[in-house]
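# Structural characterization, general
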Amino acid sequence: MINAIVLIHAEAHRIPETAQAVADIAGVDKVYSCAGDVDLIAIVRVRDHALIAEVVTEGINKVEGVSKTATHIAFQSYSSADVEAGFSIGE
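What you are looking at is a predicted structure, and each value in this text was computed from that prediction instead of being measured. (Residues numbered from 1 in each chain as written. Predicted model: local features only at pLDDT ≥ 70, side-chain atom pairs only at ≥ 80, totals over all residues. Heavy atoms only, no water.)

## Digging into the confidence of the model for the protein
Quick reminder of the rule: Per-residue confidence from the prediction method is given by pLDDT, with values spanning 0 to 100. Contacts are assigned to residue pairs that have any heavy atoms within 4.5 Å of one another.
Per-residue confidence for the protein gives a mean pLDDT of 89, with 85% of residues at or over 70. Within the model, pLDDT remains below 50 along residues 87-91, and this stretch shows one contact once partners closer than five positions in the same chain are excluded.

## Looking at the sheet that holds strand 1 (residues 2-10)
The following threshold applies: Any two strands between which DSSP finds at least two bridges are classified as paired. Helix numbering and strand numbering both begin at the N terminus, where a helix is a DSSP run of H or I of at least 4 residues and a strand a DSSP run of E of at least 2. Here, axes are lines fitted to C-alpha atoms. For helices the fit covers the stretch in contact, and angles between N-to-C directions go from 0 to 180 degrees.
Read from one edge of the open sheet, four strands run 2-3-1-4, paired in antiparallel fashion. Pairing within the sheet leaves two strands with one partner each, and these edge strands are strand 2 (28-33) and strand 4 (66-74). Across this sheet, the average inter-strand angle for adjacent strands is 20°, counted without regard to direction. Inspection of the sheet shows strand 1 paired to strand 4 by eight bridges, in the antiparallel sense. In the sheet register, L7 faces strand 4, and the bridge partner there is A70. Of the strands in this sheet, strand 1, strand 2, strand 3 (40-46) and strand 4 touch helix 1 (residues 15-23), which is tilted by about 165° from strand 2.

## Here's the deal with the side chain of D39
So the rule is basically this: The buried label applies to any residue whose accessible area, calculated with a 1.4 Å probe on protein chains only, is under 20% of its type's maximum; exposed applies above 50%, and partly exposed to all values in between. His residues and chain termini do not enter the charge count, which takes Lys and Arg as positive and Asp and Glu as negative. Salt bridges are counted wherever a side-chain nitrogen of Lys or Arg sits within 4 Å of a carboxyl oxygen of Asp or Glu. Pairs of N or O atoms within 3.5 Å make up the polar contacts considered here, provided that, within protein, one atom can donate a hydrogen while the other can accept it, and that residues adjacent in sequence are counted only when both atoms are side-chain atoms.
Structurally, the position occupied by D39 is in the loop between strand 2 and strand 3. Put simply, D39 is tucked away with no salt bridge, and the nearest opposite charge, on K68, sits 9.6 Å away. There is a polar contact of 2.7 Å between the side chain of D39 and the backbone nitrogen of A10. Contact partners of D39, with chain neighbours within four places excluded, come to I8, H9, A10, I15, Y32, S33 and C34.

## Structural notes on the environment of G27
Positionally, G27 belongs in the loop between helix 1 and strand 2. Assessed through its relative accessible area of 24%, G27 is described here as partly exposed. Spatially, the C-alpha atoms of G27 and V46 are 5.7 Å apart, while their sequence positions differ by 19 residues. The residues contacting G27, other than those within four sequence positions of it, are I43, V44, R45, V46 and V55.

## Remarks on the side chain of T18
Here T18 lies in helix 1. Judged by its relative accessible area of 0%, T18 is buried. A distance of 3.3 Å separates the side chain of T18 from the backbone oxygen of E64, its partner in a polar contact. Not counting the four nearest positions on each side in its chain, T18 is found in contact with A10, L40, V63, E64, G65 and V66.

## What about helix 1?
The cut-off we apply is this: The directions from the helix axis to the C-beta atoms form the arc being described.
Buried within helix 1 we find I15, T18, A19 and V22. Along helix 1, the residues classed as buried sweep out an arc of 100° about the axis, all on the same side. As for helix 1, its buried residues are in contact with strand 1, strand 2, strand 3 and strand 4.

Next up, the structure:
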């Protein structure tokens, strides 16, 4: 599975309806309402990279109330169970 995090700017008075509409789109796993620089965060989980663009451009961006989105592909690198993970620079 490929995970993407979509940061969504929405019209303030439509956040609940916008969040529900985004959550109903195939490929959207979860939608979070948040305070800060963005209004909603959607987690998109699909099997193919091409589907991410389809979910975002043909789905999320066309939801009434969405004014702008930014998509970030998420690659799992570390987890709390990985006790041997470390950071290094150079060799």
